[in-house]
Amino acid sequence: MSKTTVLDLRELRRRQPRFTGMDPGHRACQGCGQSLAAHIVTEAAGPDVIVANATGCLEVFSTPWPQTAWRVPWIHSLFENAAALAAGIETALKQQGRPTKMLAFAGDGGTFDIGFQTLSGMIERGHNVLYVCFDNEAYMNTGVQRSSSTPHAAATTTSPAGRMRPGKRHLKKDLLAIIAAHHLPYAATATVAYPGDIKAKVRRAMAIEGPTFLMIHAPCPLGWVHAPELTIKVARAGVETGLTPIVELERGKLVSVLPIREKRPVTDYLRLQGRFRHLLGDDPVAVQEREHLQALADHNIETYGLLAREGDVRDSVTAALVRRGGAIR
Amino acid sequence: MNGYDPASLARAAAALPGSSLDYEVGSWRELRPVHDHRPAPCHIHCPAGEDAQAYIQKVQEGDLEGAWATIAAFNPLPAVTGRICPHPCEEGCNRGRFDEPLNIHAIERFLGDMANARGWRLEMPPLAEEAPEVAIVGAGPAGLAAAWHLRRAGVKPVLFDRYPLAGGLLRTAIPLYRLPRQVLDGELERLFDAGITFRGQMKLGRDLFLNELEQEYAAVVLAVGLQKPRPWSVDGAAPGDLRYGLALLEEWIDVGAAPLEGKIVVVHGGGNTAVDVARMAIRAGAREVHLVTTRALPGAADAIGPEDHMQAFPREVQQAIEEGVVVHPHTTPARLIIRGARLKAVELAAIRAFKDERGRTKRVTFEGTERVIEADVVIPATGEIVDHEGIEMLPRWRDYLASDRFGRIEGRPGLFTAGDASGRGGSVSAAVGDGRRAAMAVLLHLHRIAALPEEDAEAVSVEALQLYYFDHAPRQEPPLRPVAERIRDEKEIEPGLDAAALEREVQRCFSCGNCLACDNCWNLCPDFAVLKTEEPTEDGSCYVFDYDFCKGCGLCAAECPTAFIRMVDEPTPAFGGAG
Ligand SMILES: Cc1cc2nc3c(=O)[nH]c(=O)nc-3n(C[C@H](O)[C@H](O)[C@H](O)COP(=O)(O)OP(=O)(O)OC[C@H]3O[C@@H](n4cnc5c(N)ncnc54)[C@H](O)[C@@H]3O)c2cc1C
Ligand SMILES: Cc1ncc(C[n+]2csc(CCOP(=O)(O)OP(=O)(O)O)c2C)c(N)n1
Ligand code: SF4
Ligand code: SF4
Ligand code: SF4
Ligand code: SF4
């Protein structure tokens, strides 16, 4: 590649008509959903933020010493304390009279499991922090170990699919319900399949003075065992099957859902991913587990009222519709 | 570096903070995304060669004149084809597999009308003093298109026609309610303004001779159409006052009357002429109008194959039936009942179509199905053939002039044919496309181009699109004028789109195979390796891949709604070469 092109592209990158909180050159795997989600969140949050990042893939792939992908102030301390770190900095900022918004970023391991206590405390004390959990449903950075977010029956290195057991024995923890029990001003789920929806939710949360929580479903091609180009399709299938409910809560109460346009069977989701490959056969265990997952999806659909109703006007932001000139807003 | 002082760091001072931009993860890539413009099906299906995707895009961008110019670069008659072309583009349109096809012809017509209203012109190279002159015989759509493309290449076309005015069947045969003549005149004015010479009342074989033309001109194109009716009788019998359909139609268009008032009229034939003659009879006040055809109705289930359908365009047949024409499909006139020289009745018989052992379509009449309908007039409209007067010596294919796809006539370098006369016609758009190809062959003959255009590539299929990103939206279609009103005058029966409907309609286009500027790739690349440019790049899109950082995940290609991104093998760097 000629020198001039290199220079031109660097210059062009500098002039992109949007704010970016991260630069490329980071070491995320090809097609990483978490990387995409973090880009989208930081774009929507804007430059006046400080990010406290728990240990995990995002932290590791974005800061390979001596480089950083971050274009906003960013701090890493431990696996278990992103919320505490953010709460501390937020308190200091408040003392200094600076309005900068704190963001706390963590994976599902750092949120559902090891960082759960500091998260609960941060919300309970009412810190002005937007906590974002990038939910890739396992401890990916250390080699795909199961977490309490790993879905039932998914295979991980610590919940392998074998003769004794078809993947993870336990259910995915209903973290949103626990968060909701804190009666915080705003909590929501989102998915990389709907970037416009993520941005809208980040902006909503940013405007709230107080603790807010956003959980983004972020496929991991490595851990979920799917081709890297399928990240969006996998995420979208999660929504359309009902396995990934996309909802918004205010003070613990459901205020909106991303409706399912066309309900699909859970096998449409399972088929795309190697972590569920053992569930696709005709053996009785596979059949039963598929039925179980279908029942869980149906339960979500019923609990949250996810099916689009006749005559519902389709919200074009959340439906990700496009036309010439970009997404329809 | 930004006023940063390493000494201020107490520890780890060896590490200068660097950006990840210093690390080019593009080296991980095995596949690379590339922009890949492939033709949309609307483009492949247009016999005139128009690229609807391209001009609809221009309309979406607000550049109406550019949109028209995109059409006019292929077809000089968009206001005409926008009205009367059977629009096979719409049959091909991928949107038809989603909800309803784009109303492409209405968009084309809107642009054609606007061009005529505003006097838009395509830029032309000046005609050099020594520019070669090419004679074109026949100023129908094929001849006009050939002239247009020759003129655009700096060659001087001279059009000859036996009639005083140009236009071919567009002027003489297509009814006014389908094609108002000021529309045709608007298009012709632009052609003649561009420096195309027209010489009317010059008939080949009477005022002009092929060998003289070949001597005087650098090349000759024969675009004489089909003018002679196929001789018609039923078992040798015909009424003494028999008039052929095309001649009646021409007279009706020319003088505004046809001697059919109060008559029971039987039209024989299944093509456009037959249907237009039947509709003329309705308008001329006929008491009953019967259309008798050995073929099946368009789209009818009892057709044994596509070749068994009436050749007339389905839309025209449907409108004729609405207007009161009684169609008798799979039927033939078996006998004319004539008293004196006058027709009294026509005996009809049912036809069965079938395929013989060699797969050819055969038709037999069924004995015992004969019935007699009272009739005052029978009008044959079973097709026209080339009038070979003055060109008897040329090779033939069936009744047509034999030539290759580009109109080249074997053994006669410098002589070309195009349009209906070549047997590759049948519609205005086909004639226009054929005229353009003949012009290309002329330019090759004159050494003004190096090669003929290649066959079109395969079109983007609907399966390749990401339909998830589109919502359903109704096709914009203004209603036809009501039957009772439209058969009483000559005014156009199909209205055009207004500006608001045009805007809604163009927004429905998927932009198959070309960039929709939807930002999906820009938004969804996990590595920010897609950059937006301020001006369109060489491939026409406003996006470039930054291969320094693209890891080749393929996500952008998988989520490009229009299949404009394709993953290809990463070129392996030459041994020892820098990456
Ligand atoms: C009644 C009718 C309705 C139709 N409706 C439609 C329709 O709705 N949509 C559609 O797409 N197509 C329609 N068609 C078909 C379409 O009109 C023709 O396919 C098209 O006009 C062919 O163009 P052309 O240039 O090859 O021939 P023509 O249009 O026939 O032009 C040939 C020209 O050559 C001239 N010419 C002929 N012989 C000589 C000679 N010896 N010397 C000098 N000049 C000569 C003629 O005067 C004429 O001007 C219809 C045809 C008919 C007959
Ligand atoms: C206290 C502690 N225990 C274990 C680890 C090792 N460790 C680092 S990252 C990680 C998993 C992170 O998983 P998750 O939070 O889900 O994020 P992901 O990598 O999946 O994005 C673990 C176990 C650690 N850094 N600190
Ligand atoms: S392991 Fe998964 S989450 Fe981690 S960088 Fe790779 S794709 Fe992303
Ligand atoms: S959707 Fe648009 S580009 Fe695609 S075939 Fe139809 S008109 Fe052509
Ligand atoms: S999404 Fe980005 S990284 Fe992936 S292939 Fe496309 S440009 Fe490359
Ligand atoms: S994703 Fe959209 S913007 Fe990108 S190349 Fe495809 S059509 Fe163009």
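The rules we used
Residues numbered from 1 in each chain as written. Chains lettered and ligands numbered in written order. Predicted model: local features only at pLDDT ≥ 70, side-chain atom pairs only at ≥ 80, totals over all residues. Heavy atoms only, no water. Helix = DSSP H or I, 4+ residues; strand = E, 2+ residues; numbered from the N terminus. Rg over C-alpha atoms; globule rule 2.2 N^0.38 Å. Buried < 20%, exposed > 50% of the residue type's maximum accessible area, 1.4 Å probe, protein only. Contact = heavy atoms within 4.5 Å. Areas by Shrake-Rupley, 256 points an atom, 1.4 Å probe, with all protein chains shown as cover. Lys, Arg positive; Asp, Glu negative; His and termini not counted. Charge placed at Lys NZ, Arg CZ, Asp CG, Glu CD. Pairing = 2+ DSSP bridges. Near = heavy atom within 4 Å. Polar contact = N/O pair within 3.5 Å; in protein donor to acceptor, adjacent residues only side chain to side chain. Nonpolar A, V, L, I, M, F, W, Y, C, P; charged D, E, K, R; others polar. Domains from an automatic or database assignment. Buried area = accessible area lost by both parts, 1.4 Å probe. Salt bridge = Lys/Arg side-chain N within 4 Å of Asp/Glu carboxyl O.

Caption draft 1: Examining the overall build of chain A more closely. Along the backbone of chain A there are twelve helices and eleven strands. Scaling as 2.2 N^0.38, a compact globule of 329 residues should have a C-alpha radius of gyration of about 20 Å, and chain A matches this with 20 Å. Along the longest, intermediate and shortest principal axes, the C-alpha atoms of chain A span 60 × 55 × 45 Å. A total of 329 residues make up chain A; the buried ones form 56% of that total. For chain A, contacts bridging at least 24 residues in sequence account for 68% of all contacts bridging at least 6. Only carbon and sulfur atoms are counted for the fraction: they give 55% of the accessible area of chain A, which is about 13,600 Å². One finds the centroid of the 39 positive side-chain charges in chain A at a distance of 5 Å from the centroid of its 31 negative side-chain charges.

Caption draft 2: How the structure looks around the overall build of chain B. For chain B, the helix and strand inventory stands at 18 helices and 22 strands. With the C-alpha coordinates of chain B rotated into their principal frame, the extents come out at 120 × 55 × 50 Å. Within chain B, buried positions represent 55% of all 579 residues. Sequence separation of at least 24 residues holds for 69% of the intrachain contacts in chain B that already meet a minimum separation of 6. Entry remark: accessible area of chain B is about 25,100 Å², with carbon and sulfur atoms responsible for 52%.

Caption draft 3: Expanded view of the pairing of strand β5 (residues 129–135) of chain A. Residue and element names in this part refer to chain A. The element β5 is extensively covered by neighbouring structure, given that seven of its seven residues are classed as buried. The alternating pattern of β5 places V129, Y131, C133 and D135 on one face and L130, V132 and F134 on the opposite face, and all of these are buried. As judged from the six bridges shared by strand β4 (residues 101–107) and β5, these two strands associate in the parallel manner. Looking across to β5, one finds that L103 is bridged to L130. In this sheet, strand β7 (residues 212–217) lies alongside β5 in parallel orientation, the contact comprising six bridges. Counterpart to L130 in the pairing with β7 is T212.

Caption draft 4: Structural context of the site of ligand 1. All names here are of chain B. Among the 34 residues in the neighbourhood of ligand 1, the closest are listed as I84, D161, R178, D420 and V428. D161 is positioned such that a nitrogen or oxygen atom in its side chain is 2.5 Å from an oxygen atom of ligand 1. V428 places a polar main-chain atom, nitrogen or oxygen, 2.8 Å from an oxygen atom of ligand 1. If ligand 1 stood free it would expose 990 Å²; the protein chains cover 98% of that surface. Sorting the residues of the shell around ligand 1 by element identifies α7 (141–152), α11 (245–255), α12 (272–283) and α14 (428–445) as the ones contributing at least two each.

Caption draft 5: The site of ligand 6, seen in detail. Looking at ligand 6, there are 13 residues lining it, with B:C515, B:L516, B:C518, B:C521 and B:C560 nearest. Its residues placed into classes, the shell around ligand 6 shows ten nonpolar, two polar and one charged.

Caption draft 6: Here's a closer look at the domain arrangement of chain B. Residue and element names in this part refer to chain B. According to the domain assignment, chain B contains domain 1 (6–37 + 515–569), domain 2 (44–121 + 460–502), domain 3 (133–228 + 385–445) and domain 4 (233–383). Placing a centre on the C-alpha atoms of domain 1 and another on those of domain 2 gives a separation of 37 Å. Contact residues are listed per partner, giving eleven residues for domain 1 and nine residues for domain 2. Across the domain 1/domain 2 interface, buried area totals approximately 700 Å², and carbon plus sulfur atoms make up 50% of it. On the domain 1 side of the interface with domain 2, the three residues burying the most area are L516, P561 and A563, jointly 46% of the side's total. Where domain 1 touches domain 2, the interface holds zero salt bridges. Counting across the interface, domain 1 meets domain 2 through three residue pairs in polar contact (both at pLDDT 80 or more). When residues of the side of domain 1 that touches domain 2 are traced back to their parent elements, those giving at least two are α17 (520–524) and α18 (555–559). Grouping the constituent residues of the side of domain 1 that touches domain 2 by class yields seven nonpolar, three polar and one charged.

Caption draft 7: Representation of the side chain of A:T100. Residues and elements named next belong to chain A. Position of T100 relative to the elements: it lies in the loop between α4 (82–96) and β4. Relative accessible area serves as the criterion here: at 13%, T100 is assigned to the buried category. In this structure T100 touches D48, V49, I50 and L93, once residues within four positions along its chain are discounted.

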